[in-house]
Amino acid sequence: MRAVLLERHGGPEVLTLTTVPDPVPPPGWVAVRVRACALNHLDLWARRGLPGVRFPLPLILGNDVAGVVQATGAGVDWVRPGAEVVLAPGFGCGHCEACLAGDDNLCRRYAILGSTVHGGYAERVVAPAANCLPRPAGLSWAEAASLPLVFLTAWNMLVHRARVRAGEDVLVLAAGSGVGIAAIQIAKLRGARVIAAASTAAKLERARALGADETINYAQADFAAEVRRLTGKKGVEVVVEHTGQETWGRSLLAAARGGRIVTCGATSGYEAATDLRHVFSRQLQILGSNMGRKASLHEIFRWVERGRLRPVVDRVLPLERVREAHEVLERRAAFGKVVLEPPA
Ligand SMILES: NC(=O)c1ccc[n+]([C@@H]2O[C@H](COP(=O)([O-])OP(=O)(O)OC[C@H]3O[C@@H](n4cnc5c(N)ncnc54)[C@H](OP(=O)(O)O)[C@@H]3O)[C@@H](O)[C@H]2O)c1
Ligand SMILES: [Zn+2]
């Protein structure tokens, strides 16, 4: 099959389309013909390499796949060849205490397609059969592939970690990121008021169209001061953080007394300084969040089917234009998801 194989870390130029043997599904797994694969910021981290993290090179990137089941491994009787599916990107060992409790994202052997094992920058991918979800009705392949990782992540951040409640104020940073577009919609679904921050007026206009109640251009204004103005000096109950170093200090200031700052990432850098005086004197809660429970995707897809959550596709490119796709994310040029499609 044709696939983009990452053989060494580096810039977009290390992404090359090549031919590799077709993967065969082991027992309990399926092989899926990839119709669309959405990018995530994780793809950039994996491509560049991260200190302290070992990516198993050579690796096929791509966490978010929608496609058609081609073959099933032994013991799989609940999904059949021909089924149109979206793959959950993460999976645990299946037998540890965390996995048995449904917290597969706390499993010590937690794996992610396109990061720990081969992913979807290819014509075919193999995945655990339990990771197959039916493709939601009415979505294109690109839209379907735009759902899993960021909606799962934002759901875990807001629903399981920050436990956002109706009537609360939620600040969503980088509103046009994959995590941001999901977080805006999930916070609205839970009845919160959403303040969205992004670096351009065009992104903010689109954030409003997605449901954001208020917007802040954080490239031009001090967003903590703007949040205080918009909330009558109170601050927000929940900050959805994933931009990291450049925003972290202001995120602490934007939170209300007793507020929760939930973080899943550090796009601008991870060496952020925390002024502990704010944490104790204002009784802030700092909550880490990583991916989400696989079962949450079933709940998320129900809301998608009901039209209450929707994917946002920035653009679709053919698989061979993978370098350009990475450059779009790197330039902060996307609103929503950049999607690759192998030849049909
Ligand atoms: N732990 C997890 O489970 C998990 C899951 C998903 C994502 N993440 C992390 O969450 C972050 C967002 O992921 P994503 O896939 O949603 O990202 P994305 O779609 O690539 O969007 C990133 C956005 O961050 C903003 N940004 C701020 N500083 C930036 C910088 N120095 N370089 C590039 N962009 C910058 C930009 O928006 P503006 O131009 O508006 O500032 C950009 O559009 C990443 O750090 C990712 O690794 C973690
Ligand atoms: Zn486990």
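Just so you know, the residues in each chain are numbered from 1, in the order the chain's sequence is written. In the order they appear in the text, chains get letters beginning with A and ligands get numbers beginning with 1. Side-chain atom pairs in this predicted model are given and counted only at pLDDT of 80 or more, local residue features only at pLDDT of at least 70, and totals for whole chains, interfaces and linings cover all residues. Each side-chain value is derived from all of the structure's non-hydrogen atoms; neither hydrogens nor water enter the calculation.

**Q** Could you give an account of the packing of helix α4 (residues 148-161) against helix α10 (residues 294-305), naming the residues involved and the relevant values?
**A** The angle between the axes and the distance between the axes are what describe a pair of packed helices. The axes used here are C-alpha line fits, helices contributing only the stretch in contact, and every angle between their N-to-C directions lies in the interval 0 to 180 degrees. Helical segments are the DSSP runs of H or I of at least four residues, strand segments are the runs of E of at least two, and each set is numbered from the N terminus. It is at 10 Å that the axes of α4 and α10 come closest, and there the two elements cross at 100°. Classified by the angle their axes make, α4 and α10 are roughly perpendicular. Between α4, through P148, F151, L152, W155 and H160, and α10, the contact on the second element is made entirely by S296, L297, E299, I300 and W303. To sort the angles, those under 35 degrees are grouped as roughly parallel, those over 145 as roughly antiparallel, those from 65 to 115 as roughly perpendicular, and the leftovers as oblique. Working rule for contacts: check all heavy atoms of both residues, and any pair within 4.5 Å makes them a contact.

**Q** Provide a residue-level description of the coordination of the zinc ion (ligand 2), including the pertinent values.
**A** Listed donors are limited to N, O and S atoms within 2.8 Å of the metal, widened to 3.2 Å for Na, K and Ca; water is not among them, so incomplete-looking sites are possible. Taken together, C93 (SG), C96 (SG), C99 (SG) and C107 (SG) make up the protein donors of the zinc ion (ligand 2), found 2.3 to 2.4 Å from the metal. We note that the donor set of the zinc ion (ligand 2) lies within a single chain, spaced as C-x2-C-x2-C-x7-C. Exposure remark for C93: the relative accessible area of 22% places this residue in the partly exposed category. Relative accessible area decides the class of each residue, using a 1.4 Å probe on protein chains only: under 20% of the type maximum gives buried, over 50% gives exposed, and in between gives partly exposed.

**Q** Any chance you could break down the sheet that holds strand β11 (residues 193-198) for me, citing the residues and the numbers?
**A** Two strands in a sheet stick together by hydrogen bonds in their backbones, pointing the same way (parallel) or opposite ways (antiparallel). Strands pair, by our definition, only if DSSP identifies at least two bridges between them. The 6 strands are arranged β12-β11-β10-β13-β14-β15 in an open sheet whose pairing can be described as parallel. Edge positions in the sheet fall to β12 (214-217) and β15 (285-288), since each has one partner strand and no second. Across the sheet, the axes of successive neighbouring strands diverge by a mean angle of 20°, strand direction being ignored. Against the sheet, α4 contacts β10 (169-172), β13 (236-241), β14 (255-263) and β15, and its axis sits at roughly 150° relative to β13.

**Q** Outline the packing of α4 against helix α5 (residues 178-189), supporting the account with residue identities and numerical values.
**A** At their nearest, the axes of α4 and α5 sit 8 Å apart, and the two run at 50° to each other. In terms of orientation, α4 and α5 fall into the oblique class. Crossing geometry of α4 relative to α5 is assigned as right-handed. Contacts between α4 and α5 involve V150, F151, T153, A154, W155, M157, L158 and V159 from the former and G178, V179, I181, A182, A183, Q185, I186, A187 and L189 from the latter. Of the residues that constitute the contact of α4 with α5, the class distribution is 14 nonpolar, 3 polar and no charged. A clockwise turn of the near helix away from the far one marks a right-handed crossing, whereas an anticlockwise turn of less than a right angle marks a left-handed crossing. Three residue categories are used. Nonpolar comprises Ala, Val, Leu, Ile, Met, Phe, Trp, Tyr, Cys and Pro, charged comprises Asp, Glu, Lys and Arg, and polar comprises the others, including Gly.

**Q** Describe the pattern of salt bridges, with residues and values.
**A** Here, a salt bridge means any Lys or Arg side-chain nitrogen found within 4 Å of an Asp or Glu carboxyl oxygen. Enumeration according to the criterion identifies 16 salt bridges in this entry. Here R193 ties to E214 by a salt bridge, and the two come within 3.9 Å at their closest N and O atoms. With R193 in strand β11 and E214 in strand β12, this residue pair connects regions lying 21 residues apart in the sequence. In this structure, the salt-bridge partner of K234 is E237, at a minimum N-O distance of 3.1 Å. With relative accessibility at 35%, the residue K234 sits in the partly exposed group.

**Q** Describe the layout of surface pockets, naming the residues involved and giving the relevant values.
**A** Put plainly, a pocket is an open set of points on a 1 Å grid over the protein atoms alone with protein on both sides within 12 Å along at least five of seven lines, a cavity is a set where a 1.4 Å probe fits but cannot get out, and a lining residue has an atom within 4 Å of a point. Grid points are joined across faces, edges and corners, and a volume is the space filled by probe spheres set on the points. By volume, the second largest pocket is sized at about 190 Å³. The biggest single contributor to the lining of the second largest pocket is α4, with 3 residues. For the lining of the second largest pocket, a count of residues per class yields 1 nonpolar, 6 polar and 4 charged.

**Q** With reference to specific residues and values, describe helix α11 (residues 322-330).
**A** Here α11 has its buried residues at V322, A325, H326, V328 and L329. Viewed along the axis of α11, the buried residues span an arc of 155°, placing them on a single side of the element. On the buried face of α11, the contacting elements are β1 (2-6), β2 (15-19), α1 (41-48), β16 (313-318) and β17 (337-341). Directions from the helix axis toward the C-beta atoms define the arc.

**Q** Describe the site of ligand 1, with residues and values.
**A** Summary of the distance rule: residues count as near a molecule or strand when at least one heavy atom falls within 4 Å of that molecule or strand. Not every one of the 25 residues close to ligand 1 is listed here, only the nearest: H41, S199, Y218, T267 and M291. For this analysis, a polar contact is any N or O atom pair within 3.5 Å, provided that within protein one partner can donate a hydrogen and the other can accept it, and provided that sequence-adjacent residues contribute only side-chain to side-chain pairs. The separation between an oxygen atom of ligand 1 and a polar side-chain atom of R332 is 2.8 Å. Summarising the interface, the protein chains cover 90% of the accessible area of ligand 1, which totals 910 Å² for the free molecule. When the residues that make up the shell around ligand 1 are grouped by side-chain class, the tally is 10 nonpolar, 13 polar and 2 charged. Areas reported as accessible are Shrake-Rupley estimates using a 1.4 Å probe. Residue values count occlusion only from the protein chains shown.

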